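Fold and contact review
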2 protein chains.
Amino acid sequence: MGYADLGCYGNEARETPNIDKLAEEGTLFTDFYSAYATCSPSRASMLTGRLPIRNGLYTNNTFGVNAVDLPDSTGGLPAEEETIAEVLAKLGYRNKVIGKWHVGNLDESFPLNQGFHEFFGSKDNRMGPYTEDDYYPNPPVYRDNKMVGRYFEREFFMDLDTGESNMTRIWTEDALVFMEENKDNPFFLYWAADGTHTPIVAYKDFLGTSERGHYGDVVRDLDFGVGQIMAKLTELDLHKDTFVFFGSDNGPAGWKPLKGGSAGPFLCSKTTTFEGGMRVPGIFWWPDVIPAGKIQRIPTNLVDLFPTILEITGGQQSEPKKVLDGQSLWPILIDQPANSLKKDHIFYYRGTGLYAVRVGQYKAHYWSWNTSPQALEDPKYGDPCPGVCQAGFITMEQTDHRDEPVLFHLGRDPGEKFPMDPATEEYQTQLAIINAVRDEHLKSLEGDVGYPQLDYADRSLCGWAPPGCDEIDMCLPVPESEVVLKEWYI
Amino acid sequence: MGYADLGCYGNEARETPNIDKLAEEGTLFTDFYSAYATCSPSRASMLTGRLPIRNGLYTNNTFGVNAVDLPDSTGGLPAEEETIAEVLAKLGYRNKVIGKWHVGNLDESFPLNQGFHEFFGSKDNRMGPYTEDDYYPNPPVYRDNKMVGRYFEREFFMDLDTGESNMTRIWTEDALVFMEENKDNPFFLYWAADGTHTPIVAYKDFLGTSERGHYGDVVRDLDFGVGQIMAKLTELDLHKDTFVFFGSDNGPAGWKPLKGGSAGPFLCSKTTTFEGGMRVPGIFWWPDVIPAGKIQRIPTNLVDLFPTILEITGGQQSEPKKVLDGQSLWPILIDQPANSLKKDHIFYYRGTGLYAVRVGQYKAHYWSWNTSPQALEDPKYGDPCPGVCQAGFITMEQTDHRDEPVLFHLGRDPGEKFPMDPATEEYQTQLAIINAVRDEHLKSLEGDVGYPQLDYADRSLCGWAPPGCDEIDMCLPVPESEVVLKEWYI
């Protein structure tokens, strides 16, 4: 989902009454960022409070190349990484993830081994549908540690001709049951609905109802689900006692005219380190605790959730405490002044490359890259910057600006259209500030760079025959194991 | 002001609490358009309910070239054009225009000859400052029919070094006095504050306060003025009895990194017929009559104000009635269904050229043009489409697409990035619908094309020595009269 896919973030269609209500009753962050410009690394970062370069959800194969967890990935979120769920479990919370997990294929990466007591969903992206001869099987759907179906098949159908599916409805119903079951004890629900990811599908009631086309139908479906969950919270009288966050794991798939979301005024989209790739919605809600209708402009990030939840719950990291990239947003959530936060910076990575750094309103691009010619030719992908051109900056090859970084003031120039003149004092002063933040960050990585989990693939690891497949007659023959170096080009 | 310069239209800075409140208490239109992509033609159209091609605020010198009223223009809004003010005057309303008039230099174009009883402001754009040797004098400021000062001089100062001016404050104070004086009789106030036009300036209290830079300071200044006016309306107990509209006469000056506004997700800016040139804010307010917090998605336009106000007031056009381009929005303002309106189309002109037509969600570009190489070289102007490129569509020459118009679905693709495939049935069907609307419109122009008022210039017409200049010692020597053909290049 992109920054501007919601009415409360200015989407022209204004078709998201339930999420807009969340913003009216809570605090909306205008400068909120995903931890990475694609899904798996961003999700792993949210769960651990640590950027992909530390938690391992990246590849080392080629400098600056995006990688995500695929069904054949040999890696995943390592056991030694601590998730929010693990901290909350120690405090007696009941934890559940519903929907898209997507942080790896290691046994230790599995939700039930990462602090969640319950799991209903898939380890994979909603890739497919696949036929017998395809490289991948249709992704398995798990209930806890047993496979209960596959994407595209039976009750988890997605009809790509009509664009219909009841997936979001299924995730919603399960959320309502979980909340009902746990109304008398503390719980943590990670509702990872993935309707806005390719192949996008919506519940039949919403098909053809949006003025934005099919993507809009999907957003309406998602918004309806949020409305159901919030209504249940009130019905259970838990609303005064529950902290709710709504966000997105990366910018929109801007190359899809009918199937991608909106980055609004921002440059480019998902997979890039321009604002459109990582600036996303961020809404915090807790009646009588977090102010209603408040707007916050401080640069904030998915990695801030971990320390924020620690502060709210009194949870503690295990010893020895790992370095966290985020900070607790609690002070500003309860309306203390902006300067009660220590950090006002964002790191924009692409693979192993620290492409850009934002400090306050200033953003310096050390590297820039749009996409590769190879990716442009792949029908699954496309140009993340359609209709955009800025010579030497929006490029088809990884472009090194470290000798003279491209600087923008994001308040005056949110669209990153007008690079600041390097001859100005403002440029020099601000670049020095940003360089210092960068250097301190790079120093903090010493001894804390994770093993690159997304370097290798093994087709035998895909969900051919997970536990439980025999009970539903959905086992597939497992191919021979062969570990290969994964070549990434996006 | 651009579409996305207000918090209620998604601006990230959210620095417009007063105008946002207007939207919360009233109805916000997401698909509202200026009548033209630059100021004078758009204003003349709002006042008359008729497009520039009819009311004459265009040039015939070169096909498709923008023109605006300049201090030396020999033409202006003709006497035979009827303004909203003239209709309201017949109903006993007291009418006043404050701020920027800007529809011509003919005597008959003067506000007091176009239905307004009072005038405080300038006939001209805020161009300047000029010195003795310049082609133009500093624009005179009038109170009714007497000059009371000049822009950039004395109380109408604008300090271009500091960006400070009290102009918006002056327009605001005058509005408050007018409302107070007329609280017991019907009045029409056209508050044409021009702070967001170059050279942009803000009241000292706001200098340096915006996160958007100086342009943001100016928007905050304007927003404060709106707040003052709305507070006075309530103080005078007129709020239940007053129809309020807030809008803009064209898109933002997008070529100015620090001094131009935001078109949000839309393509390009002011002077163009892409969405960024003409999609603007449109907010309607009338407590207990117009629903609060309502969003309307119907394509609507500044030319709709004239017939809307006729319907509200029971006013009548003079006979023989001229053709109006707009329609009364009253049915949807009082929340009747969308189909209670007959029209759902927008005409995008550039000079004499009908460049594009929108019907429903579909927009066909018959011609496209960014700007001329000449304009690019003029330091006053620049590229209205910075950082944007679409070969054959965003062009430096007027490009004829009439054989195969470039079609977009603005709901699915608000940024006009993905032209529809002409081979599709959808393209063919929708183009036929749009062509029919275009043809009907062109037919309605027969016998109703106005004399091109902006073809000629005469430097002696500039405000050298208006009535009253002697009383304030501000007369300047009037140069000899010489009528010259005006060469427009933007």
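Residues numbered from 1 in each chain as written. Chains lettered and ligands numbered in written order. Predicted model: local features only at pLDDT ≥ 70, side-chain atom pairs only at ≥ 80, totals over all residues. Heavy atoms only, no water.

1. A look at the environment of B:Gly392
Residues and elements named next belong to chain B.
- Checked against the element boundaries, Gly 392 lands in the loop between helix H10 (373-377) and strand E18 (399-400).
- Residue Gly 392 is classed as partly exposed on the basis of its relative accessible area of 45%.
- Discounting residues that sit within four places of it in the chain, Gly 392 has contacts with Ser 368, Thr 399 and His 401. (Helix = DSSP H or I, 4+ residues; strand = E, 2+ residues; numbered from the N terminus. Buried < 20%, exposed > 50% of the residue type's maximum accessible area, 1.4 Å probe, protein only. Contact = heavy atoms within 4.5 Å.)

2. A closer look at the sheet that holds strand E5 (residues 140-143) of chain B
Residue and element names in this part refer to chain B.
- Taken together, five strands build an open sheet; the order of strands is E6-E5-E4-E3-E9 and the sheet is mixed. At either margin of the open sheet sits one strand with a lone partner, and together these are strand E6 (146-150) and strand E9 (187-192). Strand-to-strand twist of the sheet, defined as the mean angle between neighbouring strand axes without regard to direction, takes the value 15°.
- Packed onto the sheet, helix H2 (residues 39-48) meets strand E3 (94-100) and E9 and runs at close to 170° relative to E9.
- Across the sheet, helix H5 (residues 167-181) is in contact with E3, strand E4 (118-122), E5 and E9; its angle to E9 comes to roughly 175°. (Pairing = 2+ DSSP bridges. Axes fitted to C-alpha atoms, helices over the stretch in contact; angles between N-to-C directions.)

3. Thoughts on the interface of chain B and chain A
- Each side of the interface is counted separately: chain B has 34 residues, and chain A has 34 residues.
- Where chain B abuts chain A, roughly 2800 Å² becomes buried across the two surfaces, and 58% of that area is made up of carbon and sulfur atoms.
- Summed over the shared surface of chain B and chain A, the number is two salt bridges.
- In this structure, A:Arg297 and B:Glu211 form a salt bridge, with 2.8 Å as the shortest nitrogen-oxygen distance.
- On the surface where chain B and chain A come into contact, there are eight residue pairs in polar contact (both at pLDDT 80 or more). (Buried area = accessible area lost by both parts, 1.4 Å probe. Salt bridge = Lys/Arg side-chain N within 4 Å of Asp/Glu carboxyl O. Polar contact = N/O pair within 3.5 Å; in protein donor to acceptor, adjacent residues only side chain to side chain.)

4. Points about the pairing of strand E10 (residues 244-247) of chain A
All names here are of chain A.
- Where burial is concerned, the two faces of E10 differ: the one with Val 244 and Phe 246 is buried and the one with Phe 245 and Gly 247 is not.
- Across four bridges, E10 lies against strand E11 (residues 282-285) in antiparallel orientation. Its bridge partner being in E11, Gly 247 is matched across the sheet by Gly 282.

5. Some words on the pattern of salt bridges
- Scanning the model with the defined rule gives 64 salt bridges over all chains in all.
- Across the pair B:Lys486 and B:Asp72 runs a salt bridge, and its minimum N-O distance is 3.4 Å. Highlighted residues: B:Lys486 in the segment after strand E21 (483-485) and B:Asp72 in the loop between helix H3 (52-55) and helix H4 (84-90), separated in sequence by 414 residues. Accessibility assignment for this pair places B:Lys486 and B:Asp72 in one class, buried.
- As a salt-bridge pair, B:Lys294 and B:Asp335 come within 2.9 Å of each other at their nearest N and O atoms. Of the two residues, B:Lys294 is situated in strand E12 (residues 294-296) and B:Asp335 in the loop between helix H9 (330-333) and strand E14 (345-350); the sequence distance between them amounts to 41 residues.
- For B:Asp335, a relative accessible area of 38% gives the class partly exposed.
- Within the structure, one salt-bridge network assembled from shared partners comprises A:Asp31, A:Glu275, A:Arg279, A:Arg297, A:Arg358, A:Lys363, A:Glu416 and B:Glu211.

6. Observations regarding the relation of the copies chain B and chain A
- With an axial shift of 0.0 Å and an RMSD of 0.0 Å, the rotation relating chain B to chain A amounts to 180°. The operation mapping one copy onto its partner corresponds to a two-fold rotation axis. The rotation axis passes nearest to the C-alpha of B:Gly10 in chain B, at a distance of 1.9 Å. (Least-squares fit on C-alpha atoms with pLDDT ≥ 70 in both.)

7. Focus on the packing of helix H1 (residues 17-25) of chain B against helix H6 (residues 214-235) of chain B
All names here are of chain B.
- At a minimum axis distance of 7 Å, the contact between H1 and H6 shows a crossing angle of 55°. As far as their axial angle goes, H6 and H1 are oblique. When H1 is examined against H6, the residues Pro 17, Asn 18, Ile 19 and Leu 22 are found in contact with a partner set consisting of Asp 223, Phe 224, Val 226, Gly 227 and Met 230.
- The residue inventory of the contact of H1 with H6, partitioned by class, reads six nonpolar, two polar and one charged. (Parallel < 35°, antiparallel > 145°, perpendicular 65-115°, else oblique. Nonpolar A, V, L, I, M, F, W, Y, C, P; charged D, E, K, R; others polar.)

8. Description of the UniProt feature "domain: Sulfatase N-terminal" (unreviewed entry) in chain A
- Residues given the UniProt feature "domain: Sulfatase N-terminal" (unreviewed entry) here are residues 2-314 of chain A.
- The straight-line gap between the two end C-alpha atoms of residues 2-314 of chain A is 32 Å; of that span, 26% is helix and 16% is strand. (UniProt positions renumbered as here; feature names shortened; annotations may be inferred.)

9. So, the confidence of the model for chain A
- With 100% of its residues at a pLDDT of at least 70, chain A reaches an overall mean of 96.
- Scored as a whole, the predicted complex attains pTM 0.96, and scored at its interfaces, ipTM 0.94. (pLDDT = per-residue confidence, 0-100.)

10. Topic: the packing of aromatic side chains
- Throughout the structure, instances matching the rule amount to 58 aromatic pairs over all chains.
- Taken together, A:Phe29, A:Phe32, A:Phe243, A:Phe245, A:Phe284, A:Trp286 and A:Trp330 form an aromatic cluster joined through their ring pairs.
- The residue whose ring lies beneath B:Arg169 is B:Tyr203, and the NZ or CZ to ring-centre distance is 3.7 Å.
- The ring of B:Trp488 carries B:Lys486 above its face, with NZ or CZ at 5.8 Å from the centroid. (Phe/Tyr/Trp six-rings, centres within 6.5 Å; stacked < 30°, edge-to-face > 60°. Lys NZ or Arg CZ within 6 Å of the ring centre and 35° of its normal.)

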